[in-house]
Amino acid sequence: MTDNRKVIVQLENLSTHYGEVIALEDINLTVYEREILVIMGHSGSGKSTLFRNILGLMMPSSGSVKILGQDLTRLSKKELYALRKNIGVAFQNGALFSSMSVRENVELPLHQHTALDDTTIQIMTRMKLAMMNLADHEDLMPAQLSGGMLKRAGLARAVIMDPKLLFFDEPSAGLDPVTSVELDKLILQLRDAMNMTIIIITHELESAFHVADRITILDRGKQIITGTRDEIRACQDSRVTNMLNRLPGEKQMDGEAYLRQLTK
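Residues numbered from 1 in each chain as written. Predicted model: local features only at pLDDT ≥ 70, side-chain atom pairs only at ≥ 80, totals over all residues. Heavy atoms only, no water.

Let us now look at the overall build of the protein chain. Secondary structure assignment for the protein chain yields 10 helices and 10 strands. Taken over C-alpha atoms, the radius of gyration comes to 20 Å for the protein chain, in line with the 18 Å a tight globule of 264 residues would show. With the C-alpha coordinates aligned to their principal axes, the bounding extent of the protein chain is approximately 65 × 40 × 40 Å. Put simply, the protein chain has 264 residues, and 45% of those count as buried. Within the protein chain, contacts between residues separated by at least 24 positions form 65% of all contacts whose residues are at least 6 apart in sequence. Counting every atom, the protein chain has about 14100 Å² of accessible surface; 49% of that belongs to carbon and sulfur. For the protein chain, the distance from the average position of its 30 positive side-chain charges to the average position of its 33 negative side-chain charges is 3 Å. (Helix = DSSP H or I, 4+ residues; strand = E, 2+ residues; numbered from the N terminus. Rg over C-alpha atoms; globule rule 2.2 N^0.38 Å. Buried < 20%, exposed > 50% of the residue type's maximum accessible area, 1.4 Å probe, protein only. Contact = heavy atoms within 4.5 Å. Areas by Shrake-Rupley, 256 points an atom, 1.4 Å probe, with all protein chains shown as cover. Lys, Arg positive; Asp, Glu negative; His and termini not counted. Charge placed at Lys NZ, Arg CZ, Asp CG, Glu CD.)

It is worth spelling out the sheet that holds strand 9 (residues 214-219) at this point. Reading across the sheet, the six strands line up as 6-7-8-3-9-10 and stay open at both edges, with mixed pairing between neighbours. Each of the sheet's edge strands pairs with one partner strand only, and the pair in question is strand 6 (87-90) and strand 10 (222-227). Taken over all neighbouring pairs, the strand axes of this sheet differ in orientation by 15 degrees on average, direction set aside. Examined bridge by bridge, strand 6 and strand 7 (residues 165-169) share four bridges and lie parallel to one another. When the bridges of strand 7 are listed, G88 appears paired with L166. (Pairing = 2+ DSSP bridges. Axes fitted to C-alpha atoms, helices over the stretch in contact; angles between N-to-C directions.)

Moving on: helix 1 (residues 47-55). Residues three or four positions apart in an α-helix share a direction because the helix packs 3.6 residues into each turn. In terms of residue burial, helix 1 counts as a mostly covered element, since seven of its nine residues are buried. If you check which residues of helix 1 are buried, you get K47, T49, L50, F51, N53, I54 and L55. G56 occupies a position one or two residues after helix 1 and carries a positive phi of about 80 degrees.

Structurally, the position occupied by T125 is in helix 4 (residues 118-131). T125 sits 20 residues away from L145 along the chain, and the two C-alpha atoms are 18 Å apart. From its side chain, T125 meets the backbone oxygen of I121 in a polar contact 2.8 Å long. (Polar contact = N/O pair within 3.5 Å; in protein donor to acceptor, adjacent residues only side chain to side chain.)

Moving on, we come to the nonpolar core. Counting residues in each nonpolar core, the largest one holds 45 residues, and the members touching the most others are L155 and I215. Residues contacting I215, with those up to four places away along its chain left out, are L37, V38, M40, A208, F209, I225, T226, G227, R229 and I232. With 25 residues, the next largest nonpolar core counts V9, L11, V31 and I54 among its residues. (Core = buried A, V, L, I, M, F, W, Y, C linked by side-chain atoms within 4.5 Å.)

This part covers the pattern of salt bridges. Throughout the structure, instances matching the rule amount to 12 salt bridges. Of the charged contacts, one joins R191 and D192 as a salt bridge, the two residues approaching to 2.7 Å between their closest N and O atoms. Here D192 falls in the partly exposed class, since its relative accessible area comes to 43%. Members of the salt-bridge network, linked through shared partners, are R103, E107, R126, E138 and D139. (Salt bridge = Lys/Arg side-chain N within 4 Å of Asp/Glu carboxyl O.)

The buried fraction of strand 7 amounts to five of the five residues, a majority that puts the element mostly inside the structure. Taking every second residue as pointing to the same face, both faces of strand 7 are buried, with L165, F167 and D169 on one and L166 and F168 on the other. Sheet topology places strand 7 next to strand 8 (residues 197-201); five bridges connect them, and they run parallel. Within strand 8, the position partnered with F167 by the bridge is I199.

Turning next to the sheet that holds strand 4 (residues 62-67). Read from one edge of the open sheet, four strands run 2-1-4-5, paired in antiparallel fashion. The open sheet has two free edges, formed respectively by strand 2 (21-32) and strand 5 (70-71), since each of these has just one partner strand. Note: strand 1 (residues 7-18) against strand 2, eight bridges, orientation antiparallel. The residue bridging H17 from the neighbouring strand is I22, located in strand 2. Relative to the sheet, helix 1 contacts strand 1, strand 2 and strand 4, its axis offset from that of strand 1 by approximately 125 degrees.

Before going further, it helps to spend a moment on the pairing of strand 3 (residues 36-40). Summarising burial for strand 3: five of the five residues are buried, a large majority. Along strand 3, one buried face is formed by I36, V38 and M40 and the opposite face, lined by L37 and I39, is buried too. Pairing geometry for strand 3 and strand 8, over four bridges, is parallel. Paired with V38 across the two strands is I200, which belongs to strand 8. Bridge count between strand 3 and strand 9: four bridges; the pairing is parallel. When the bridges of strand 9 are listed, L37 appears paired with R214.

Shown next as structure tokens:
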């Protein structure tokens, strides 16, 4: 059956090498409009490299990366810069400028990338802060915010230009369970209210299964499975079941074996 949904991200036979090391191998992935895709995998699985490839921060060794129909490997620096205005990125720690207030941080992309007047920028900023439940905290400095507030402030800045595609790196990292659930709900509300496509990297299983339409699991640079939550739960691949059951991906050595390896 043909899927008639609009394609926002398309990776075809993507491979990325660091010298002799294969970081990603033959990744094929399609992300559709208004979809929430979660990328998971153990440390070293290739998540961050895939993230950088999709953002155009590094180019793959082979294959293609298409965002909104444009192949990043064929764009000039000027064209890539223009395309990135349609992409928002919410970093793991918020990545706010410590010398600027919450409002100033959120306003910054509008000052840099648009010719809007100050009044319009202030209105747009207050609207986004209200969406994040930060309307009463716009004059605070980043050091005065809790972990959850930092995440929401960073998210407000990421969506201030109404991007078509949002990346969120580890949204639940460092948050207590209640705050994590609240942020999950906010992500779903953003998708529905702004018709955004969202790609999330996370280690948090509960959060992933709460927000994801589909989940991609990587292992040592290879794409093990991409599927719905039910398809992931039904997968019998040991690398997937180990992750779901929070088991180590590799056999653990005892102390003597580890010492022998170090002294070879």
